Amino acid sequence: MTRGVIYMHCCPSAIAPHVEWALAGVLERPARLQWAGQPVTPSHLRAEATWTGPVGTAAKLCAALRSWPMLVFEVTEDGTSISDGERLAYVPGRGFHRSTVSINGDVLVGEERLRGLASRARTSDEFRHGLAELLGSAWDAELEPYRQGGDGAPVTLLNNVV
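Draft legend 1. Spatial organisation of the environment of valine 101. Take valine 101: it is sitting in strand 6 (residues 95-101). Through-space distance from the C-alpha of valine 101 to that of glutamate 144 is 18 Å; in sequence the pair is 43 residues apart. The residues contacting valine 101, other than those within four sequence positions of it, are Gly85, Glu86, Arg87, Asp106 and Leu108.

Draft legend 2. Examining unusual backbone geometry more closely. The phi torsion at glutamate 28 lies on the positive side, around 60°, for a residue other than glycine. Inspection of the secondary structure assignment puts glutamate 28 in the loop between helix 1 (16-27) and strand 2 (36-37). Unlike most non-glycine residues, serine 43 shows phi in positive territory, near 75°. With respect to the helices, strands and loops of the structure, serine 43 is situated in the loop between strand 2 and strand 3 (44-53). Look at serine 43 and you get exposed, because its relative accessible area is 62%.

Draft legend 3. Expanded view of the pairing of strand 6. In this sheet, strand 6 lies alongside strand 5 (residues 85-91) in antiparallel orientation, the contact comprising 7 bridges. Each bridged residue has a counterpart across the sheet, and for leucine 88 the counterpart in strand 6 is arginine 98. Linking strand 5 back to strand 6 in an antiparallel pair, the connection comprises 3 residues, with glycine 93 at a positive phi of about 85°. Pairing of strand 6 with strand 7 (residues 107-108) involves 2 bridges; the strand directions are antiparallel. Within strand 7, the position partnered with valine 101 by the bridge is valine 107. Linkage of strand 6 to strand 7, two consecutive antiparallel strands, is achieved through a turn of 5 residues, within which glycine 105 is found at a positive phi near 100°.

What counts as what
- Residues numbered from 1 in each chain as written.
- Predicted model: local features only at pLDDT ≥ 70, side-chain atom pairs only at ≥ 80, totals over all residues.
- Heavy atoms only, no water.
- Helix = DSSP H or I, 4+ residues; strand = E, 2+ residues; numbered from the N terminus.
- Contact = heavy atoms within 4.5 Å.
- Buried < 20%, exposed > 50% of the residue type's maximum accessible area, 1.4 Å probe, protein only.
- Pairing = 2+ DSSP bridges.

Here it is in structure tokens:
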């Protein structure tokens, strides 16, 4: 078992019940989020929820949410003795970015990905751009205003029945 957090940064109010149903389908129990206004995008909502479930639940939650390409969200999954932690981020127009994450929240980039980048990059600018891609810097830049909009927001606890 592991745990994580769903950060629903931006959701049209009409889609909110559908998001809860999609999450409930993965977690196998009702998912009633505490929605609040998203200051960055008026008339849209935001919510945060912690979850517990089997390893791989974060990817399943994201797969359930991809039906609505207008959503802005992140889902984290803590590492376990048999798996690394991860963060999956979705931004409309940019798509998904999946990062391996250490226990303290740092993004980890494997040596094979770094070697691949080093062999492809012909200039230092290409290397910097490639490294930014590996780290998900463009996703972080777009998500940051939404993250700040959630400071102090309530968090819902969602548990998966196993």
